[in-house]
Amino acid sequence: MAGKRHRGWRTFLTNKYLKDKEKNFVEYDPEYPVKYAIFITEEEWVAFVAQRRDENFKKVSATNRERASNPTYAYKKGRLGYARLEEKILDETKSDATSLPPHVLWKEARVGKDGTVRDDVQHIYDECETLSQSISTAEDQENRSVLSRALNVPEYPGRVRGKGHGCTPTSLYKNPRRRNPSNQEVMETLQALQAQVLQLQKDNERYRCMEKCSSQLKETSEKASINCQNKFPEGISSCQLYLSSPTYRLVGKGKVHNTSGDLLHHRPLPDGHLKVSVDVVLDKDALLPIPDIVSETTFLRDAIGSFVAWPLDLIFIDDETPTKPASKYKGILRHNESVASQKEVFAQGSQQLSQKIGSRQKNKRDLPVTSLPKKGAFVPRYQISLETLVDSSDMATAGAIRLLDMEEDIFGYSCTETIGKEDLEHIFRHQELGVGVIHTYIRFLYDNFMRGNDQLSNRFRFVSSSLVNKALICREPDSCREYLVKRFMASSTNNLYLWPYNSGCHWLLLAIDPLKEVVYFLNSIDGEWTNYPDMKQLVDTSIKVFRSQRQARVPRTKSSNITWIKVQCPLQRNGIDCGYFVMRFMREIINMNQIEIPITYFDEYKCAHYTRLQLEQIKEELCQYFIEKRLII
């Protein structure tokens, strides 16, 4: 109904202002209808006049007018309408039905005052009667109605032919509309399928292990076994137990029995194995390298307190540094350092974070949050732990996602950030980062620095890279400008807005002080802001609109100039580190708690290039945040 009224309004304006008494378009420019200024601006009026005078529009309008003036099956009930005609017929026939079939109503609407029915109308009605005997109601609703089939015309979505304005398939057939499954339902279905796949993988691994055990026992059953290995101290020693499939990881602790002629359950040990007693299990889902056929034990957790056979190259004495064979495990991007269980990771991470948050000062200058060893001895513990969690969860499957809520205080609006398996792989393999990772690190900065700290939260704010980026600036510049102005209007004092800007293939950071009209430009590839004209124009325009809305007075000499400052920040030495640089820039700016950024950058962090260790520290904070927020589990 609203669309019908709007079309009528536009037709009224055309006839009154653009046409003469003979309904021909006038040659002169029509005057602007001042009395309707509340509904239409001068710019909209100019566009409207140009559109109505366009030759293509006139051609389409004439075609539609001709078609409407000579319909194939003319409606002959005047202004009665389908709804009132249907009500009249039901009253006259005293029928108990609540509605008439569409083709019956269509036929009655084309009966003249004399009661005669044209032959072509009767033919369509008869064909509808024939079709209605062979087509079910469900098929009538889901595909095309019998009336559309008989008329051989396409059916328009959202309406029922021959029932008048406002009648829809849902209201006519009283069937609930089909809906798409919710995200929760999709995730539940996906998790169920992944659980089935995981179980099949475990069954397959168990079967292969049992076959391997049988063949090895058969080969060694007829010869004496001397299992004493020079690699291990003779006797009984505490050890760590590793597995290499599906990932290389620490799964338990126990004692290795390196004694000559030792047997396992009265049977010879397989070649390349030693007898091990299991004391502690760190991975509850770990399978035994060789299942115990006697006790029918396949899981490591069921072997606590008993003896099992373990491969030599996966046993490490407690005071020995595990060294993963390069050739055998080539391509697995993991460190060989011990990985604690998930409970240990969460407990340790939470304790460290609590201690550091408790001791944080308002002007925090210690980098990083995580406790890191000296250069050359760095171990990415949280990254290793996160990789282990990912491998043991449904996130190991391509297409798996996690949702991270971004509250309104972060970007000025509530939203949900999507983190996919690919995003995590980019972190693990040190590849180019997407907007999901950048926004997750912003949430980390907000939670660990700004939440509960009024000084920082009132001084620093963020701009969403999802709402303002190169693609949107080119396609929807007005919406980008409106969002920036709205963000600027939220500031009551001097604020520094941190905006990670993606130019399509490169990340850089803009730090904007809208009140002072200063823009700090931090680019890790030493480029100029003139290389990004669309971005610069958007920022300048947004600051000017912000200036106008707050009715600020600016000297004429500065009215058209916004101060842009290129900060001599650390530079990257490859083509993939830009995202990591931007995250560290934001970290250091908030850490210094200064609105003004020195041209030569902060003395505390001044350097020509960030080292790989400095970037790994940022990745550690990200991985720690994923673990502590339990985003993977």
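Residues numbered from 1 in each chain as written. Predicted model: local features only at pLDDT ≥ 70, side-chain atom pairs only at ≥ 80, totals over all residues. Heavy atoms only, no water.

In the annotation of an unreviewed UniProt entry, the entry for the chain reads Ubiquitin-like protease family profile domain-containing protein, and the organism field reads Pisum sativum.

Asker: It is not clear to me how the environment of Val-518 should be interpreted in this structure. Could you clarify?
Answerer: Positionally, Val-518 belongs in strand S15 (residues 518–522). In this structure the C-alpha to C-alpha distance between Val-518 and Ile-543, which are 25 residues apart in sequence, comes to 9.3 Å. Residue contacts for Val-518: discarding those within four places in its chain leaves Ala-511, Ile-512, Asp-513, Thr-563 and Ile-565. (Helix = DSSP H or I, 4+ residues; strand = E, 2+ residues; numbered from the N terminus. Contact = heavy atoms within 4.5 Å.)

Asker: It is not clear to me how the nonpolar core should be interpreted in this structure. Could you clarify?
Answerer: A general trend in soluble globular proteins is that nonpolar side chains are found buried together. One finds Phe-462, Trp-499, Leu-510, Leu-522, Ile-597 and Tyr-601 to be the most contacted residues of the largest nonpolar core, which totals 89 residues. Here the element with the most residues in this core is helix H20 (residues 578–592); it accounts for 10 residues. Apart from residues no more than four positions distant in its own chain, Ile-597 is found in contact with Leu-496, Ala-511, Tyr-520, Leu-522, Val-567, Ile-589 and Phe-602. In terms of nonpolar packing, the next biggest core, distinct from the first, is built from 24 residues, Leu-243, Leu-300, Val-308 and Trp-310 among them. (Core = buried A, V, L, I, M, F, W, Y, C linked by side-chain atoms within 4.5 Å. Buried < 20%, exposed > 50% of the residue type's maximum accessible area, 1.4 Å probe, protein only.)

Asker: Would you explain helix H15 (residues 435–450) in this entry?
Answerer: Note on helix geometry: an α-helix contains 3.6 residues per turn, so any two residues three or four positions apart are oriented the same way. Given a rise of 1.5 Å per residue, 16 residues ought to cover 22 Å, and the 21 Å separating the end C-alpha atoms of H15 matches this to within 8%. Burial of H15 is extensive: 15 of the 16 residues sit out of reach of the surface. (Expected span 1.5 Å × (residues − 1).)

Asker: Can you walk me through the sheet that holds strand S8 (residues 307–311) in this structure?
Answerer: In spatial order, the strands read S8-S5-S2-S1-S9; together these 5 strands make up an open sheet with antiparallel pairing. Sheet topology places S8 and strand S9 (315–317) at the edges, where each strand pairs with a single neighbour. Averaged over all pairs of adjacent strands, the angle between strand axes in this sheet comes to 50 degrees, irrespective of strand direction. Summarising the sheet, strand S2 (residues 249–258) and strand S5 (residues 273–281) pair through 6 bridges and their orientation is antiparallel. Pairing of Gly-254 across the sheet is with Val-278, part of S5. (Pairing = 2+ DSSP bridges. Axes fitted to C-alpha atoms, helices over the stretch in contact; angles between N-to-C directions.)

Asker: Explain the pattern of salt bridges here, please?
Answerer: Two side chains carrying opposite charge are able to pair once their charged atoms lie near each other. For the structure shown, the criterion picks out 25 salt bridges. Across the pair Lys-421 and Glu-425 runs a salt bridge whose closest N-O atoms are separated by 3.4 Å. With Lys-421 and Glu-425 both in helix H14 (residues 421–428) and 4 residues apart, this pair spans about one turn of that helix. Residues Arg-481 and Asp-478 are paired through a salt bridge, measuring 3.1 Å at the closest nitrogen-oxygen approach. Highlighted residues: Arg-481 and Asp-478, both in helix H18 (residues 477–489), separated by 3 residues, approximately one helical turn. Take Arg-481: its relative accessible area is 24%, and that puts it in the partly exposed class. One network of salt bridges, in which partners are shared, links Glu-407, Arg-443, Asp-447 and Arg-451. (Salt bridge = Lys/Arg side-chain N within 4 Å of Asp/Glu carboxyl O.)

Asker: Sorry if this is basic, but what is going on with the sheet that holds strand S14 (residues 507–513) here?
Answerer: The strands making up a sheet associate through hydrogen bonds between their backbones, and the pairing can be parallel or antiparallel. Reading across from one edge, S12-S13-S14-S15-S16 is the order of the 5 strands in this open sheet, with mixed pairing throughout. Of all the strands in the sheet, just strand S12 (460–462) and strand S16 (563–566) have a single pairing partner and so form its edges. Adjacent strand axes in the sheet meet at a mean angle of 25 degrees, parallel and antiparallel pairs treated alike. As judged from the 4 bridges shared by S15 and S16, these two strands associate in the parallel manner. Within the sheet, the bridge partner assigned to Phe-521 lies in S16 and is Lys-566. The strands that H15 touches are S12, strand S13 (496–502) and S14; relative to S12, the one it contacts most, it runs at about 155 degrees.

Asker: Sorry, what's going on with the packing of H14 against helix H21 (residues 612–628) here?
Answerer: Helix-helix packing is described using two parameters, namely the angle between the two axes and the distance between the axes. Put simply, H14 and H21 touch, their axes get as near as 10 Å, and they point 145 degrees apart. For H14 against H21, the interelement crossing comes out left-handed. Between H14, through Leu-424, Ile-427 and Phe-428, and H21, the contact on the second element is made entirely by Lys-619, Leu-622, Cys-623 and Phe-626. Classifying every residue of the contact of H14 with H21 gives 6 nonpolar, no polar and 1 charged. (Left-handed = near helix turned anticlockwise from the far one by under 90°. Nonpolar A, V, L, I, M, F, W, Y, C, P; charged D, E, K, R; others polar.)

Asker: Looking at this model, I keep getting lost on unusual backbone geometry. Mind explaining?
Answerer: Among all residues except glycine, the phi angle is most often negative; among peptide bonds, the trans geometry is most common. For His-430, which is not glycine, the phi torsion reads 55 degrees and is therefore positive. Even without a glycine there, the phi angle at Asp-526 is positive, about 60 degrees. Its place among the elements puts Asp-526 in the loop between S15 and helix H19 (533–549).

Asker: Is there a simple way to think about the packing of aromatic side chains in this case?
Answerer: When we look at a pair of aromatic rings, we describe it by the centre distance and by the angle of the planes. Taken as a whole and assessed by the stated rule, the structure comprises 25 aromatic pairs. Relative to Tyr-36, the ring of Trp-9 lies with its centre 5.0 Å away and its plane at 90 degrees, an arrangement referred to as edge-to-face. With a gap of 27 residues between them, Trp-9 in helix H1 (residues 2–18) and Tyr-36 in the loop between H1 and helix H2 (42–53) connect regions that are remote in the sequence. We classify Trp-9 as partly exposed; its relative accessible area is 29%. With a relative accessible area of 14%, Tyr-36 lands in the buried category. With a centroid separation of 5.2 Å and 70 degrees between ring planes, the pair formed by Phe-488 and Tyr-497 is classed as edge-to-face. Look at Phe-488 and you get buried, because its relative accessible area is 0%. What makes Tyr-497 buried here is its relative accessible area of 0%. Members of the aromatic cluster, connected to one another through ring pairs, are Trp-499, Tyr-501, Phe-521, Trp-529, Tyr-532 and Trp-564. One Lys or Arg, Lys-58, reaches over the ring of Phe-25 and ends 4.5 Å from the middle of that ring. (Phe/Tyr/Trp six-rings, centres within 6.5 Å; stacked < 30°, edge-to-face > 60°. Lys NZ or Arg CZ within 6 Å of the ring centre and 35° of its normal.)

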